[in-house]
Amino acid sequence: MAAQTITGPRRAEELAEELNRPGRTRPTVVVTMARGATRPYIDADRLATELSGLADVYLISDAAASWAFSRGMPELTQVYGGAGRVYPTGLEWVHDLRRSRLRFAYSAAEGITTTERLLEDGLKAAASAGLLALPMGSSSRAVLPEVSGVVSGCPNPSQAMVSLTDGRYATIQVGLLCPGVPSERLFERGMQVRGVFDESSRRLDVSGMLASPGERLAEVADGEVLLACVQSVGSASCQVALLPGISASVPRARVTDDSTEDLRDLLSVGEVVPVRVGSGGSSLSIVDVDEDAPVRSLAVLPGGPGWLVLPDPAVPAPEPPLLEKVVPEQETPNPVPTRPRLTANVRIGVPSYLEKPDVQVADDVALLRNGSPVRMLPRPSPTMLAARAVQVLERPVRKEALQSTQRALEESRATVRATLLEKARLEQELRSSTLELQHLEAELSRKHGQLATREKELERLRRRNRKGAQRDHRETLSSNDLFADPDDRFRFDVTVCWARKIPAGEKAERPLGPYRLGPRFVSSLEETPGVDRAKVVDVVVEVLTGLADTSAGRQMHVLRTGQGPNEQAVRREDGATCYRVALQRNAPQARRLHFWRMSEEIEFSRVVLHDDYEP
């Protein structure tokens, strides 16, 4: 389906009148052409196809139509210069511009992103108009058949293609399911889906697969690290979302140990960060997340991919789009119209019978001069004399009328000359204004690219500041020079870590269990290189509170006498069993912690390298 093309001022004025009419039943999408472009940067035909039955899509294709449309629209609601805008139903958007945002596209690359934003705006406007109250606009959900199929791919961020079990194909509109999340973060090839199918539009509604927030959070293990998206940032708290629509507040104390730190210097809206989640999502913490901690993202739909991914620090920020050089149109000033030059045969205000002597009269004069016989004219009659007398008497009147006509003609010619000069001046101003507008648009595009680059740099600096806050948090756990006995110092570090790590409301459920330090524990900690003391303290707290039992990243298991899974567990004479827990992952000779577990007490034995299996 193609967008409706608007050409010429009259059709554009009619469109403006239609938009300002309060009785519209569907939203309207208007896309424009950039100056000098042969095709729109925004894919208007795709918008028309994907919003079929939900919105009307128009493409204003020439400058005259664009100017006429702008004149017919209220202030600040126009669309021009390659941009696009969605006009919801009603007229609230005239006074609240947030309801109808202007989406710019300065290049073909930006046009792809802007098309996605307009598609999302159109779906939101359709939902507000009640067009999505029932799936695909059907009169009853019950009459739509429920089908199942397999996702065959995601052709673009707003759609997923499905091969149904009966051989037909269907399309899932992501904007109807989860606005703002690209399709590849909801679906993957081979994923099983089910939902109600509308044959006319071939849309598949899989909203029935969405689980409730409580069901999704019940799957999260206590102390697990999940990815979250920053929704908003204030000076003392921030809002993060573990799933679309499931957000929670994180206070400053859970982001940094500095009570004066402004969180806006550490986090950016839209940034993906790892957070440690308490039981059932009851508490979230960012500051105590280890850099090498295993992290995962929750899936929006069963069997789907995680909806968030961590940015790869090795991938540089994308360069701003190359700006198209604005080449001013060749100025060909229109010549100022001038009065026509008079020739010998054209004399203004002279009767035609005076312009050229009569030939016969000239011949008669010559004959008289040469003495030739002259033909005598008859005596004029009284009637002729009276007529000539009347002509003689009327000559002044006719002369005055002729002069008056000549003066009026000269005034009209002067008015025309002034009008032509004013027209030429206005055309020159229009050309100058057009060139200035082109340069301003190019400058705006350049500033837009600079802003995108600086936002990326700001996000990188905030991420670095947050990492520094996490390092500071671990360093504050150090107790150098506070105790002479190293065992007392370590016990103090464990107590401080437990107090900081476990929320106040969970301390009763996760007390610091009884433990003791083995004779070689502190020395092995000091002698084993490549392991952070604060990390060891943190893992000890997880072991004592039971968090390590459910943490996949800790890989806790019984130490056995051999490498096989059927080998005997290592036990002491007093019945204690030796366990092994990971301090590091994905590192050469990743460090491990060995400890003895007894019925009512834990004894920490040694910090060892990966290949060291001595208890």
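Since the model is a prediction, treat every value here as computed from it, not as a measurement.

About the cut-offs
Residues numbered from 1 in each chain as written. Predicted model: local features only at pLDDT ≥ 70, side-chain atom pairs only at ≥ 80, totals over all residues. Heavy atoms only, no water. Pairing = 2+ DSSP bridges. Helix = DSSP H or I, 4+ residues; strand = E, 2+ residues; numbered from the N terminus. Contact = heavy atoms within 4.5 Å. Axes fitted to C-alpha atoms, helices over the stretch in contact; angles between N-to-C directions. Phe/Tyr/Trp six-rings, centres within 6.5 Å; stacked < 30°, edge-to-face > 60°. Buried < 20%, exposed > 50% of the residue type's maximum accessible area, 1.4 Å probe, protein only. Lys NZ or Arg CZ within 6 Å of the ring centre and 35° of its normal. Lys, Arg positive; Asp, Glu negative; His and termini not counted. Salt bridge = Lys/Arg side-chain N within 4 Å of Asp/Glu carboxyl O. Polar contact = N/O pair within 3.5 Å; in protein donor to acceptor, adjacent residues only side chain to side chain. Patch = residues over 30% accessible without salt bridge, like charges linked within 9 Å, V, L, I, M, F, W, Y side chains within 5 Å. Areas by Shrake-Rupley, 256 points an atom, 1.4 Å probe, with all protein chains shown as cover.

Colleague: Any chance you could explain the sheet that holds strand β1 (residues 4-6) here in plain terms?
Modeller: Hydrogen bonds along the backbone pair up the strands of a sheet, which may run parallel or antiparallel. Spatially, the five strands line up as an open sheet ordered β1-β3-β2-β4-β5, and their pairing is mixed. Each edge of the open sheet carries a strand with a single partner, namely β1 and β5 (102-103). Summarising the sheet, strand β4 (residues 84-87) and β5 pair through two bridges and their orientation is antiparallel. Looking across to β5, one finds that arginine 85 is bridged to leucine 102. Across the sheet, helix α5 (residues 108-128) touches β4 and β5, and the angle it forms with β4 is around 5°.

Colleague: Would you mind showing me how to read the packing of aromatic side chains here?
Modeller: Each aromatic ring pair is characterised by the separation of its centres together with the angle its planes make. Counted according to the given criterion, the structure contains nine aromatic pairs. For the ring pair tyrosine 87 and tryptophan 93, a centre distance of 5.0 Å and an interplane angle of 70° mean the geometry is edge-to-face. Of the residues examined, tryptophan 93 reaches a relative accessible area of 1% and is grouped as buried. By the ring-pair criterion, three or more aromatic residues cluster together here, those being Phe490, Tyr515, Phe521, Tyr579, Phe595 and Phe604. In this arrangement the basic side chain of arginine 202 is found over the ring face of tyrosine 169, its NZ or CZ atom lying 4.5 Å from the centre.

Colleague: Honestly, the side chain of glutamate 110 in this entry has me stumped. Any pointers?
Modeller: Following the sequence through the fold, glutamate 110 ends up in helix α5. One buried charged residue, glutamate 110, remains without a salt bridge, the closest side chain of opposite sign being arginine 117 at 8.0 Å.

Colleague: Teacher, can you tell me more about the side chain of serine 268 here?
Modeller: Along the polypeptide, serine 268 turns up in the loop between β13 (246-251) and β14 (272-277). Polar side-chain contacts of serine 268 include one of 2.8 Å to the side chain of arginine 462. Excluding anything up to four places from it in sequence, serine 268 contacts Val230, Val233, Glu459 and Arg462.

Colleague: How should I be thinking about the pairing of strand β20 (residues 602-608) in this particular structure?
Modeller: The side chains of a regular strand alternate between both faces of the sheet. Of all seven residues making up β20, seven are buried, and the element is well covered by its neighbours. Inspection of the sheet shows strand β16 (residues 515-517) paired to β20 by three bridges, in the parallel sense. If you follow leucine 517 over to β20, its bridge partner there is phenylalanine 604.

Colleague: Before we go on, may I ask you to explain the pattern of salt bridges in this structure?
Modeller: Side chains that differ in sign of charge can pair as their charged atoms come close. All chains considered together, the criterion is met by 35 salt bridges. Of the charged contacts in the structure, one is a salt bridge between arginine 572 and glutamate 603, with a shortest N-O distance of 3.3 Å. Here arginine 572 is found in the loop between β17 (557-558) and β18 (577-582), whereas its partner glutamate 603 is found in strand β20, with 31 residues between them in sequence. Judged by its relative accessible area of 9%, glutamate 603 is buried. A network of salt bridges, in which partner residues are shared, links Arg276, Asp288, Lys501, Asp538, Glu542 and Arg554.

Colleague: What exactly am I supposed to notice about a nonpolar patch on the surface here?
Modeller: Side chains of Leu482, Phe483 and Phe492 sit close together on the surface and give an oily, nonpolar patch of about 270 Å² of accessible area. Secondary-structure assignment places phenylalanine 492 in helix α10 (residues 486-501). A relative accessible area of 33% means that phenylalanine 492 is categorised as partly exposed.

Colleague: What exactly am I supposed to notice about the sheet that holds strand β19 (residues 592-597) here?
Modeller: In spatial order, the strands read β16-β20-β19-β18-β17; together these five strands make up an open sheet with mixed pairing. For this open sheet the edge positions go to β16 and β17, each flanked by a neighbour on one side alone. Of the strand pairs in this sheet, β17 and β18 are connected by two bridges, and their pairing is antiparallel. Bridge assignment links histidine 557 to a residue of β18, and that residue is arginine 580. Where helix α12 (residues 533-545) meets the sheet, it contacts β16, β18, β19 and β20, and its direction lies at approximately 145° from that of β20.

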